[in-house]
Amino acid sequence: MSAQPEHHDVVPSMRTLAELRAALQSWGFPTDPAELERELADADLDDLTQVREITQAYRHRVLLRVDGAGLAALARSTEDVVAELRRKMEATG
């Protein structure tokens, strides 16, 4: 994984594509910058809805990594999530 800044309470600015790219370099998974570029290259740039969906997805990835609770959720094992879902299903009946 890429090195992460120390303070998880600072959300990087991602108002422009350049800022999103910079945020992905610091906060994204190692493959995120290349995947963003590939998705944008494959997208119809005249379709603003498609471009917005792509950029929002990558913004969300950064926000998950910045948020301590989001990062903890990403780190949970499949078995842990399955066990929690089973407990919740049993509790509701």
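None of the values given here were measured: they were computed from a predicted structure. (Residues numbered from 1 in each chain as written. Predicted model: local features only at pLDDT ≥ 70, side-chain atom pairs only at ≥ 80, totals over all residues. Heavy atoms only, no water.)

Draft legend 1. Broad picture of the overall build of the protein. The helix and strand tally for the protein stands at 5 helices and 0 strands. Start at the N end of the protein and walk to the C end: the helices and strands fall as α-α-α-α-α. For 93 residues, the compact-globule formula gives about 12 Å, and the C-alpha radius of gyration of the protein, at 16 Å, lies well above that figure. Taken over 93 residues, the protein has a buried fraction of 20%. For the protein, contacts bridging at least 24 residues in sequence account for 46% of all contacts bridging at least 6. Accessible surface for the protein amounts to roughly 6700 Å². Of this, 56% is attributable to carbon and sulfur atoms. Counting 11 positive and 17 negative side-chain charges, the protein places the averaged centre of each group 5 Å from the other. (Helix = DSSP H or I, 4+ residues; strand = E, 2+ residues; numbered from the N terminus. Rg over C-alpha atoms; globule rule 2.2 N^0.38 Å. Buried < 20%, exposed > 50% of the residue type's maximum accessible area, 1.4 Å probe, protein only. Contact = heavy atoms within 4.5 Å. Areas by Shrake-Rupley, 256 points an atom, 1.4 Å probe, with all protein chains shown as cover. Lys, Arg positive; Asp, Glu negative; His and termini not counted. Charge placed at Lys NZ, Arg CZ, Asp CG, Glu CD.)

Draft legend 2. Geometry of the nonpolar core. Among the nonpolar cores identified, the biggest contains 13 residues, and Leu 20, Leu 24, Leu 36, Ile 54, Tyr 58 and Val 62 are the most heavily contacted of them. It is helix 3 (residues 48-66) that contributes the most residues to this core, 5 residues altogether. In contact with Val 62, not counting residues within four places along its chain, are Pro 12, Met 14, Ala 23, Leu 24 and Trp 27. (Core = buried A, V, L, I, M, F, W, Y, C linked by side-chain atoms within 4.5 Å.)

Draft legend 3. Looking closely at a nonpolar patch on the surface. Among the surface-exposed residues, Val 81, Leu 85 and Met 89 lie close enough to one another that they form a single nonpolar patch of about 290 Å² accessible area. In this fold, Leu 85 is placed in helix 5 (residues 78-92). When its relative accessible area of 47% is taken as the criterion, Leu 85 is described as partly exposed. (Patch = residues over 30% accessible without salt bridge, like charges linked within 9 Å, V, L, I, M, F, W, Y side chains within 5 Å. Salt bridge = Lys/Arg side-chain N within 4 Å of Asp/Glu carboxyl O.)

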